[in-house]
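Chain residues, written in single-letter form:
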Amino acid sequence: TGMTTLDYGFVNTAATKSNITYIDGDQGILRYRGYPIEQVAKGLSFLEVAWLLIYGEIPTESELEDFDRRIRRHTLLHEDLKRFFDGLPHQAHPMSVLSSGVSALSTYYQDSLDPTNPEHVEISTLRLLAKMPVMAAYAHKKSVGQAFLYPDNTLSFVDNFLRLNFGTMAEPYEVNPVVSSALERLLILHADHEQNASTSTVRLVGSTQANMFASISAGINALFGPLHGGANEAVLSMLGDIQASGEGVAKYVERVKNKEAGVKLMGFGHRVYKNYDPRAKLVKESADEVLEALGVHDDLLEIAKELEQIALADDYFKERRLYPNVDFYTGVIYKAMGFPTRMFTVLFAIGRLPGWIAHWREMTSDPQTKIGRPQQLYLGHAARDLPTGR
Ligand code: CMC
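Small disclaimer: the values here were computed from a predicted structure and weren't measured.

Asks: I'd like a description of the site of the ligand, backed by residues and values.
Replies: Taken together, the neighbourhood of the ligand is formed by 20 residues, with Ala231, Leu265, Gly269, Arg271 and Asn325 sitting nearest. Among the residues making up the shell around the ligand, the classes are represented as eight nonpolar, eight polar and four charged.

Asks: A description of the pairing of strand S1 (residues 21-24) should follow, citing residues and the corresponding values.
Replies: Within a regular beta strand, the side chains point alternately toward one face of the sheet and then the other, so they alternate between its two faces. Because side chains alternate across S1, one face comprises the buried residues Thr21 and Ile23, and the other comprises Tyr22 and Asp24, none of which is buried. Both S1 and strand S2 (residues 29-32) contribute to a ladder of four bridges, which runs antiparallel. Bridging across to S2, Asp24 finds its partner in Ile29. Adjacent in sequence and paired antiparallel, S1 and S2 are bridged by four residues, among which Gly28 carries a positive phi angle near 70°.

Asks: Tell me about the confidence of the model for the protein, residues and numbers included.
Replies: A residue-level look at the protein finds 100% of positions with pLDDT of 70 or above and a mean pLDDT of 96. For this predicted complex, the interface score ipTM comes out at 0.97, while the overall pTM is 0.97.

Asks: Any chance you could break down the packing of helix H5 (residues 94-108) against helix H10 (residues 212-224) for me, citing the residues and the numbers?
Replies: Between H5 and H10, the shortest axis-to-axis distance is 8 Å and the interhelical angle comes to 170°. Overall, the two elements H5 and H10 adopt an arrangement that is roughly antiparallel. Touching Met95, Leu98, Ser99, Val102, Ser103, Leu105 and Ser106 of H5 are Phe213, Ala214, Ile216, Ser217, Ile220, Asn221 and Phe224, all from H10. Along the lines of polarity and charge, the residues of the contact of H5 with H10 split into nine nonpolar, five polar and no charged.

Asks: Hey, could you go over the environment of Asp366 for me, with residue numbers and the actual values?
Replies: As for its placement among the helices and strands, Asp366 is situated in the segment after helix H17 (344-364). Accessibility expressed as a C-beta count within 10 Å gives 13 for Asp366, which makes it partly exposed. The sequence separation of Asp366 and Lys17 amounts to 349 residues, and the corresponding C-alpha distance is 9.4 Å.

Asks: Talk me through the domain arrangement of the protein; I want residue IDs and the actual numbers.
Replies: Assigned domains within the protein: domain 1 (17-225 + 347-364) and domain 2 (231-337). Spacing between the C-alpha centres of domain 1 and domain 2 amounts to 26 Å. Each partner contributes to the interface: domain 1 provides 20 residues, whereas domain 2 provides 20 residues. When residues of the side of domain 1 that touches domain 2 are traced back to their parent elements, those giving at least two are S2, helix H1 (37-43), helix H8 (177-189) and H17. A total of seven residues in the side of domain 1 that touches domain 2 trace back to one element, the largest contributor, which is H8. Grouping the amino acids of the side of domain 1 that touches domain 2 by side-chain chemistry returns 13 nonpolar, four polar and three charged.

Asks: Run through the nonpolar core, naming residues and quoting values.
Replies: Formed by 108 residues in total, the largest nonpolar core has its most connected members in Val49, Leu98 and Ile333. For this core, the element with the highest residue contribution is H17, accounting for 12 residues. Taken domain by domain, the makeup of this core includes at least three residues from each of domain 1 (17-225 + 347-364) and domain 2 (231-337). Other than its neighbours up to four places away in sequence, Ile333 contacts Ala182, Leu186, Ser286, Ala287 and Val290.

Asks: Give me the lowdown on the sheet that holds S2, citing residues and values where you can.
Replies: With antiparallel pairing, the three strands of this open sheet are ordered in space as S1-S2-S3. Across the chains shown, the open sheet's two edge strands, defined by having one partner strand only, are S1 and strand S3 (35-36).

Asks: A description of helix H6 (residues 118-144) should follow, citing residues and the corresponding values.
Replies: Here H6 spans 39 Å end to end across 27 residues, near enough to the 39 Å set by a 1.5 Å rise per residue. Of all bends in H6, the biggest is about 30°, found at Lys131, and the proline Pro133 comes one to four residues later. Directly beyond the C-terminal end of H6, a positive phi value near 75° is found at Gly145.

Parameters at a glance
Residues numbered from 1 in each chain as written. Predicted model: local features only at pLDDT ≥ 70, side-chain atom pairs only at ≥ 80, totals over all residues. Near = placed C-beta within 6 Å. Nonpolar A, V, L, I, M, F, W, Y, C, P; charged D, E, K, R; others polar. Buried ≥ 20, exposed ≤ 12 C-beta atoms within 10 Å, placed from the backbone. Helix = DSSP H or I, 4+ residues; strand = E, 2+ residues; numbered from the N terminus. Pairing = 2+ DSSP bridges. pLDDT = per-residue confidence, 0-100. Axes fitted to C-alpha atoms, helices over the stretch in contact; angles between N-to-C directions. Parallel < 35°, antiparallel > 145°, perpendicular 65-115°, else oblique. Contact = placed C-beta atoms within 7 Å. Domains from an automatic or database assignment. Core = buried A, V, L, I, M, F, W, Y, C linked by C-beta atoms within 7 Å. Expected span 1.5 Å × (residues − 1). Bend = angle between axes of the 7 residues up to and from the residue.

Here it is as structure tokens:
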């Protein structure tokens with residue numbers, strides 16, 4: 001009963017209430033639990049942000065210490081899981097490796113998967129935060145053919161992750177503080193974004209009372225697509241193509257405006273922001289700082305800036321209110337840090353993990369939650385009979 005409205009892409013339909021993240025897309029405002037993203041990005045660590053999103057408040061010193069200690073305790077992967085990774089082809093995209101690994105977690109922890117049991121939820125939260133970065137680094141090492149390192153739990157969350165990605169068995173690894181604080185900031189900027197496609201996926205899968213690993217593995221797969229998290233990888237390919245073709249930025253923009261098949265300005269536009277994405281502003285600042293501090297010059301950053309300038313002055317983009325989004329400048333930074341392009345969306349996934357967990361937990365603890373089950377408008381055949389004789 002009731003009226004079914006058709007809403008492709010859920011442009012006008014709220015599927016839930018939420019207390020986690022606020023966005024005002026017209027004004028370009030983003031807040032985590034009420035705190036403006038600009039303050040959060042500068043004033044909190046990634047683990048503090050994770051706690052804030054999941055538990056609702058900034059952690060006290062002792063809460064944070066305890067949280068950090070419990071996450072460090074869970075960084076080791078089951079040795080068998082390493083053999084599982086070994087069985088995947090080395091050309092595999094790290095996002096596929098990561099989603100498979102997270103899905104496989106539910107095969108190792110079968111005794112703590114009950115979404116209605118608070119202890120199970122707590123332990124799954126810690127395991128995901130601890131193990132997903134390790135699996136991500138594993139996917140990276142596999143793709144470049146290097147030996148996998150074991151985590152070093154004396155290091156902070158971000159430094160441990162950097163060492164697992166860039167350290168080798170041959171030499172001690174020195175964390176570069178510029179890289180470490182820039183990565184921390186980027187993870188924070190990705191930590192939540194209310195009901196985006198991957199978070200909605202996590203909620204939809206979780207609404208069936210599937211376990212947290214299964215739900216988040218589905219979220220990772222939703223993030224993979226180039227219209228969502230995959231855009232950071234696609235931006236770098238686009239910038240590289242523009243550079244290689246030598247056609248010039250203005251020509252490329254013309255092709256975008258002519259809607260040539262498959263030609264889009266990747267890293268531009270957003271379903272919610274009809275103004276400059278506040279995250280993109282902060283990322284752009286970081287891009288200049290990090291490249292300068294690392295002494296890296298990258299022509300791709302110049303191409304990106306020129307693209308932005310030309311697009312923002314152009315009526316096509318003005319009329320449609322298309323601005324750079326979070327993915328526009330991140331790739332240039334990840335590249336300067338030494339990450340291969342195919343790892344970019346994996347970094348987004350690690351950043352988004354606290355948000356996915358927070359939404360999954362908010363949903364499972366909300367008594368009003370119902371299984372997600374959209375309607376359709378049926379436009380197919382009316383009832384008809386099989387051919388005579390069948
Ligand atoms: N380049 C050129 N034209 C665009 C772009 C773009 N990046 N984005 C939107 N448009 C045009 C679109 O063609 C349409 O024009 P028209 O009215 O003439 O048909 C108009 O702008 C409205 O776009 P839409 O496709 O209806 O917008 P949407 O809300 O459905 O899509 C989007 C949002 C993010 C999928 C889209 O802007 C896009 O494909 N952007 C490029 C991919 C990208 O950067 N994604 C990352 C999003 S932010 C972080 C994340 O989620 O990962």
